[in-house]
Amino acid sequence: MNEITLTRKNSRLFRELNTVVTVMAREITVFFKSPGTVIMSLAMPLMMMGMIGGNLMQNMAGGLGFEFGEFMLVGMLVNMLFMITTMGMSSLVDDHDIDFNQEMLVSPVSRYSLVTGKILGAGFAAVMGMVGTLIVGLVMGITLPVGKLLLILALSPLMCLSGGALAMIIIGLIKSKRTANLAMMFITMPQMFLSGAIIPINNSSGALLVLNRLMPMTYCLDLVRSVVYAGSPEYESLVMFNPVVNFAVIAVLTIVCLMIGTYFFARTEKNR
Amino acid sequence: MSMIEVNNLVKRYKRAKAPSVADVSFSVGDGEFFAFLGPNGAGKTTTISILITTLSKTSGEVRIAGYDVEKDARHVREKIGVIFQNPSLDPQLTAEENIRFHACLYGMYGYRPTFGLMPAAYRKRVLELAEIVGIQDALFRPIKKLSGGMQRKLEIIRSLAHTPDVLFLDEPTQGLDAVSRRSLWEYINKVRDQYGTTVFLTTHYIDEAEGVDKVCLINHGKIAACSSPEEMKKSLLRQELILDSEDKTALARELSALGLPFTVNGQHVVVPYQGSAQSVIARLRTKLTVLRIHEPTLEDAYVEFLNTTGREAA
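These remarks concern the structure in this document.

What counts and how
Residues numbered from 1 in each chain as written. Chains lettered and ligands numbered in written order. Predicted model: local features only at pLDDT ≥ 70, side-chain atom pairs only at ≥ 80, totals over all residues. Heavy atoms only, no water. Helix = DSSP H or I, 4+ residues; strand = E, 2+ residues; numbered from the N terminus. Buried < 20%, exposed > 50% of the residue type's maximum accessible area, 1.4 Å probe, protein only. Contact = heavy atoms within 4.5 Å. Core = buried A, V, L, I, M, F, W, Y, C linked by side-chain atoms within 4.5 Å. Phe/Tyr/Trp six-rings, centres within 6.5 Å; stacked < 30°, edge-to-face > 60°. Lys NZ or Arg CZ within 6 Å of the ring centre and 35° of its normal. 1 Å grid on protein atoms, 1.4 Å probe; cavity = no way out; pocket = protein on both sides within 12 Å on 5 of 7 lines; lining within 4 Å. Points joined across faces, edges and corners; volume = space filled by probe spheres on them. Nonpolar A, V, L, I, M, F, W, Y, C, P; charged D, E, K, R; others polar. Buried area = accessible area lost by both parts, 1.4 Å probe. Salt bridge = Lys/Arg side-chain N within 4 Å of Asp/Glu carboxyl O. Expected span 1.5 Å × (residues − 1). Polar contact = N/O pair within 3.5 Å; in protein donor to acceptor, adjacent residues only side chain to side chain.

### Points about the overall build of chain B
So, step 1. For chain B, the helix and strand inventory stands at 10 helices and 14 strands.
So, step 2. Taking the principal axes of the C-alpha coordinates as reference, chain B spans close to 80 × 45 × 35 Å.
So, step 3. By residue count, 53% of the 314 residues in chain B fall in the buried class.
So, step 4. Contacts in chain B between residues far apart in sequence, at least 24 positions, make up 68% of those at least 6 positions apart.

### Comments concerning the environment of M217 of chain A
Residue and element names in this part refer to chain A.
So, step 1. As for its position among the elements, M217 is in helix α11 (residues 216-228).
So, step 2. Taking relative accessible area as the criterion, M217 reaches 1% and is therefore assigned buried.
So, step 3. Discounting residues that sit within four places of it in the chain, M217 has contacts with V78, N79, F82, Q191, M192, S195 and A197.

### Considerations on the nonpolar core
So, step 1. Residues I4, F26, L51, I64, I80, F168 and F200 of chain B are the most contacted members of the largest nonpolar core, which totals 110 residues.
So, step 2. It is helix α3 (residues 95-105) of chain B that provides the largest number of residues to this core, a total of six residues.
So, step 3. F26 of chain B has contacts with I4, E5, V6, F34, F36, T47, L51, F200, C216, I223 and C226 of chain B, leaving out every residue within four places of it along the chain.
So, step 4. Of all hydrophobic cores here, the second largest spans 44 residues; its members include M49, A126, I198 and C220 of chain A.

### Some details on the packing of aromatic side chains
Aromatic rings in a pair are described by how distant their centres are and how their planes are angled relative to each other.
So, step 1. If you walk through the whole model with that rule in mind, you get 19 aromatic pairs over all chains.
So, step 2. Pairwise contacts between aromatic rings join F26, F34, F36, F168 and F200 of chain B into one cluster.
So, step 3. The ring of F71 of chain A has R225 of chain A sitting right over it, with the charged end atom 3.7 Å from the ring centre.
So, step 4. A cation sits over an aromatic face here: K11 of chain B above Y13 of chain B, 5.1 Å from the ring centre.

### Structural notes on the layout of surface pockets
Residue and element names in this part refer to chain A.
So, step 1. Considering only enclosed or pocket space, the largest pocket measures out at about 530 Å³ in volume.
So, step 2. Residue assignment for the lining of the largest pocket shows that the elements contributing at least two residues are α2 (12-33), α3 (35-60), α4 (68-88), α5 (91-97) and α7 (111-139).
So, step 3. Here the lining of the largest pocket is composed, by residue class, of 10 nonpolar, seven polar and six charged.

### A short note on the interface of chain B and chain A
How big an interface is tends to be reported as the loss of accessible area on association of its parts.
So, step 1. Across the contact, 43 residues belong to chain B and 40 residues belong to chain A.
So, step 2. Taking both sides of the interface into account, the surface hidden between chain B and chain A amounts to around 4,000 Å²; carbon and sulfur atoms contribute 54%.
So, step 3. If you sort the residues of chain B by the area they bury against chain A, R74, F101 and L105 of chain B come out on top, with a joint share of 19%.
So, step 4. Our count for the contact surface shared by chain B and chain A stands at five salt bridges.

### What about α4 of chain A?
All names here are of chain A.
So, step 1. With 21 residues, α4 should cover 30 Å at 1.5 Å per step; its first-to-last C-alpha distance of 29 Å lies within 8% of that length.
So, step 2. With 18 of 21 residues buried, α4 is to be regarded as a mostly interior element.
So, step 3. Sitting at the amino-terminal end of α4 is E67, which places a side-chain oxygen 3.1 Å from the backbone nitrogen of G69.

Such coordinate-based values are descriptive only and should not be taken to indicate function.
Given below as structure tokens:
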């Protein structure tokens with residue numbers, strides 16, 4: 001085994017980055033080996049964008065003062081990243097059931113690297129969902145300029161990290177697949193309706209205003225819309241905050257959620 | 001030097017009436033083969049879980065290779081390899097993908113998406129190890145298509161891939177057939193001979209602990225005895241001569257006259273002795289029809305231990 005020992009890299013940074021890549025690669029490998037997950041990732045946009053979005057477009061889009069189709073497409077893209085990443089995190093419960101979490105936790109790497117890799121891996125399925133959403137949008141005649149699409153794609157890891165970190169707070173405490181699935185619905189559904197993904201929230205007030213300000217997806221959506229609507233007349237009416245503020249809030253919320261979620265996860269596994 | 005040092009270890013689970021591990025202390029030397037024996041619920045898995053840093057302790061001190069399991073958990077994890085009680089492989093990956101995942105997590109190689117793209121040293125080593133444990137044909141098959149024995153062998157390859165100083169085996173042969181058990185132990189012994197790896201074993205199979213350097217018996221969370229298997233057999237059990245004669249009455253009379261204690265057990269007369277059996281046999285004049293020397297096994301000692309500590313064998 002000496003030859004293997006000789007190849008061992010000692011840089012801490014290398015090992016942590018390698019861990020993130022390795023865990024992420026495992027998630028992607030498993031994704032492609034599960035035809036059901038692939039089909040669901042691509043079918044979900046059909047339901048979200050095609051059915052919910054199409055219905056809203058036909059019945060509620062009049063007199064808004066902006067192009068609802070484009071507004072909704074952006075909302076659905078971010079929602080898809082959030083929703084699929086969040087749901088993907090429930091696989092941690094599967095890993096717990098097959099004792100694979102123990103194999104990961106006994107390795108000499110940071111728990112944050114393990115969780116970050118897991119989130120980014122789940123984010124890959126989310127990006128597939130995003131692609132599906134774009135295809136459905138194209139069929140519905142809603143498109144975005146390629147440059148702006150690339151910018152959204154560049155922001156997608158941040159969205160996935162934000163959604164996955166939020167999911168970790170709950171997943172870190174749950175050990176039942178059934179409860180995990182319900183909890184994920186509990187996280188994703190309110191965000192879809194209250195953070196402005198498909199319904200504008202500029203005029204929200206009272207408890208709903210407090211709720212949408214507490215949701216990380218509100219800031220993710222606002223950041224993406226600030227990119228999409230930059231320089232357009234709709235910018236003032238559709239974008240709520242300065243992009244720098246959005247970015248800062250997302251970063252802070254992600255780090256806080258990641259720290260709390262990882263702590264819960266490691267603690268729950270250690271006190272099983 | 002002690003590779004494992006446990007002092008006054010206590011683990012009390014939330015809402016539990018009694019601690020699962022109560023004031024346990026023992027040490028395992030460098031290169032030693034150590035076994036932890038006890039019935040279900042005795043505290044074996046709780047202890048091993050604390051040693052491998054996956055469970056927090058309530059109090060006490062645990063050091064592995066000189067590192068504290070809580071303060072220097074990362075260093076401890078570098079030094080150990082673990083085979084868990086239940087298989088911990090990803091059933092959706094292939095055997096090789098599971099090994100690659102482990103090797104990359106331990107920082108031995110940068111991750112590459114396929115076996116062919118991994119460094120030559122990795123490929124050579126994986127093929128070599130697979131051949132030793134006889135799973136070369138199954139290397140690229142999904143885990144869910146491998147037998148229990150093959151999965152266990154794969155876990156051994158995986159746990160040894162990063163050359164650990166201490167190998168923890170938590171009932172590694174549970175559910176394996178006799179042939180798989182034997183070949184698995186052959187491989188583990190080979191590794192011990194070659195690399196001097198310290199082995200910490202918990203098992204239900206008493207025969208697996210016969211060849212260890214040191215064995216500790218644990219029950220109700222407490223260590224009842226800790227010594228070499230030979231010493232343990234001597235301290236817990238006595239050697240016996242099993243005799244029979246056509247004239248049992250004469251044999252009994254002679255034994256009494258010689259001052260040798262004996263019992264009649266069914267057809268046979270059982271004579272406990274210490275030291276040499278020859279010295280007893282040479283003094284007997286009655287013609288014997290049966291003469292057997294009963295050497296106690298570790299299993300006998302274990303059963304005796306359970307009888308005296310009041311818990312059924314697992």
